[in-house]
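# Understanding the architecture of this molecule
Residues per chain, in single letters:
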Amino acid sequence: MGLSGTAGAAEVNLYTTREPGLIRPLLEAYAAKSGVKVNTVFVEKGLAERVAAEGARSAADVVMTVDIGNLIELVDRDLAQPVRSPVLEAAVPAPLRDADGRWFTLSMRARVLYADKGLTDLKAATYESLADPSWKGKICLRSGQHPYNTALISAFLVRHGAEKTEAWLRGVKANFARKAAGGDRDVARDIAADLCEVGLANSYYVGLMRSGRGGPDQQKWGEAIKVVLPIFEGGGTHVNVSGAVVAKNAPNRDEAVKLLEYLVSDEAQALYAKTDYEYPVKAGATIDPLLASLGTLTFDPTPLVEIARNRKAASLLLDKVGFDN
């Protein structure tokens, strides 16, 4: 598909790491509504490197990716431009966007607790409590160095400091039922198989499993667990995000802003929830019934920028305590 470099053209060029099948419904709905042609370039790896290499000639108008670290990288490499939009600023809560308008969250995924259905008294579960010795031999987790977990540990570090975070990591590791490995869905699998009782995983995998999208085995795993929204003590539930920036050299800047504004509309936010089992960023937007059944999400206010900045320190602490060994 050709890309437009003509300013003012009724089209917009989107570079994204998001799987085409996940965002196609959104883009098709936008094109039908606006008459604007959306040219999509799927970049599995090296998104920032590609935009940087293209330089001033880049056709990218909007750059969309998953994970706050990837959004911050676009800003740090001077690949994003500031946007002032009352629509975006009204829809996206301040902790979930850049103060200067260089990046915006479009949807959220929560780091939740998967648990054996027989467990009770989990409604007030905290991340901190997972280091309690009462969980010894009962926790399953994927690698601590996976970005999903590193982001959570970085948030813990921002809230509690290095000393308490190191002690917490040692406590969680001491409670493992098995070595930290596999993926989030494997946590559900191992709970279903009675290998462990609890674990941390992303919220959207519950939808993918229970809906049957992953096949009958995964559907059984999803149905075998209960899901709880844990919180930080005195805070909320840790979230990571999908988001986007307007590219620094966007040839169709106005159309780029309009696309972002559409993506935080009630219609698009409901599509995000339905298609990807992600939480809408806009308050009051329709939430998929499966996610709604998990309870009300109150996201933790720890600044996403601080989480991204502390990831390396979190990774070093993981190595120090031998978390994945």
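Residues numbered from 1 in each chain as written. Predicted model: local features only at pLDDT ≥ 70, side-chain atom pairs only at ≥ 80, totals over all residues. Heavy atoms only, no water.

### Some details on the overall build of the chain
Assigned secondary structure in the chain consists of 14 helices and 10 strands. Relative to the compact-globule value of 20 Å for 325 residues, the chain shows a C-alpha radius of gyration of 20 Å, a close match. On the principal axes, the C-alpha backbone points of the chain span a range of 60 × 40 × 30 Å. Per-residue burial over the chain gives 55% buried out of 325 residues. Of all intrachain contacts in the chain linking residues separated by at least 6 positions in sequence, the fraction that spans at least 24 positions is 79%. Counting only carbon and sulfur atoms, one obtains 52% of the accessible surface of the chain, whose full area is about 13,500 Å². Once the 39 positive and 40 negative side-chain charges of the chain are each reduced to a mean point, those two points are 2 Å apart. (Helix = DSSP H or I, 4+ residues; strand = E, 2+ residues; numbered from the N terminus. Rg over C-alpha atoms; globule rule 2.2 N^0.38 Å. Buried < 20%, exposed > 50% of the residue type's maximum accessible area, 1.4 Å probe, protein only. Contact = heavy atoms within 4.5 Å. Areas by Shrake-Rupley, 256 points an atom, 1.4 Å probe, with all protein chains shown as cover. Lys, Arg positive; Asp, Glu negative; His and termini not counted. Charge placed at Lys NZ, Arg CZ, Asp CG, Glu CD.)

### Here's the deal with the state of the cysteines
For the structure shown, the criterion picks out one disulfide. Each disulfide pairs two cysteine sulfurs, and for Cys140 the partner residue is Cys196, the sulfurs being separated by 2.0 Å. Its torsion about the S-S bond being -115°, the disulfide of Cys140 and Cys196 is classed as left-handed. Of the two residues, Cys140 is situated in strand β6 (residues 139-140) and Cys196 in the loop between α7 (184-192) and β7 (198-202); the sequence distance between them amounts to 56 residues. This pair shows no difference in class: Cys140 is buried, exactly as Cys196 is. (Disulfide = S-S within 2.5 Å.)

### Quick look at the pattern of salt bridges
Taken as a whole and judged by the stated rule, the model has 23 salt bridges. We note a salt bridge from Arg77 to Glu73, for which the minimum N-O separation is 3.3 Å. Relative accessible area serves as the criterion here: at 37%, Arg77 is assigned to the partly exposed category. By relative accessible area, Glu73 is classed as partly exposed at 27%. The partner of Asp266 in a salt bridge is Lys282, and the shortest N-O contact between them spans 3.1 Å. (Salt bridge = Lys/Arg side-chain N within 4 Å of Asp/Glu carboxyl O.)

### Considerations on the environment of Ala174
Locating Ala174 in the fold gives a position in helix α6 (residues 162-174). Taking the C-alpha atoms as reference, Ala174 lies 55 Å from Val36; in sequence the two are 138 residues apart.

### Examining the nonpolar core
With 110 residues, the main nonpolar core has Tyr114 and Leu263 as its most contacted residues. The leading source of residues in this core is strand β5 (residues 104-116), at eight residues. (Core = buried A, V, L, I, M, F, W, Y, C linked by side-chain atoms within 4.5 Å.)

### Notes on the packing of aromatic side chains
Summed over all chains, the structure comprises six aromatic pairs. Here the aromatic cluster, defined as three or more aromatic residues joined through ring pairs, consists of Tyr127, Phe156, Trp168 and Phe232. (Phe/Tyr/Trp six-rings, centres within 6.5 Å; stacked < 30°, edge-to-face > 60°.)

### What to know about the environment of Gln219
Its location among the elements puts Gln219 in helix α9 (residues 216-224). The class for Gln219 is partly exposed, based on a relative accessible area of 32%. In sequence terms Gln219 and Met209 are 10 residues apart; their C-alpha atoms lie 4.7 Å from each other. If we ignore the near neighbours within four places in the chain, the residues touching Gln219 are Met209, Arg210, Ser211 and Gly212.

### Some remarks on helix α5 (residues 147-160)
Between its first and last C-alpha, α5 extends 19 Å over 14 residues, near the 20 Å set by a 1.5 Å rise per residue. Burial in α5 covers these residues: Tyr148, Asn149, Thr150, Ala151, Leu152, Ile153, Ser154, Ala155, Phe156 and Leu157. Residue Gly161 follows α5 closely and has a positive phi angle near 85°. (Expected span 1.5 Å × (residues − 1).)

### Structural notes on the packing of helix α1 (residues 20-34) against helix α11 (residues 266-276)
Each pair of packed helices can be described by the angle between their axes along with the distance between the axes. For the pair α1 and α11, the least separation of the axes is 9 Å and the interaxial angle reads 155°. Taken as axis vectors, α1 and α11 run roughly antiparallel relative to one another. Remark: the crossing between α1 and α11 carries right-handed chirality. Across the interface between the two elements, Gly21, Leu22, Pro25, Leu26, Ala29 and Lys33 from α1 touch Glu267, Ala268, Leu271, Tyr272, Thr275 and Asp276 from α11. (Axes fitted to C-alpha atoms, helices over the stretch in contact; angles between N-to-C directions. Parallel < 35°, antiparallel > 145°, perpendicular 65-115°, else oblique. Left-handed = near helix turned anticlockwise from the far one by under 90°.)

### What to know about the side chain of Arg97
Within the element layout of this structure, Arg97 appears in the loop between α4 (86-91) and β5. This buried residue, Arg97, is left without a salt bridge; Glu89 holds the nearest opposite charge, at 5.2 Å. From its side chain, Arg97 meets the backbone oxygen of Glu89 in a polar contact 3.3 Å long. At a separation of 2.7 Å, a polar atom in the side chain of Arg97 contacts the main-chain carbonyl oxygen of Val92. Ignoring sequence-local partners within four residues, the contact set of Arg97 consists of Leu88, Glu89, Val92, Trp103 and Phe104. (Polar contact = N/O pair within 3.5 Å; in protein donor to acceptor, adjacent residues only side chain to side chain.)

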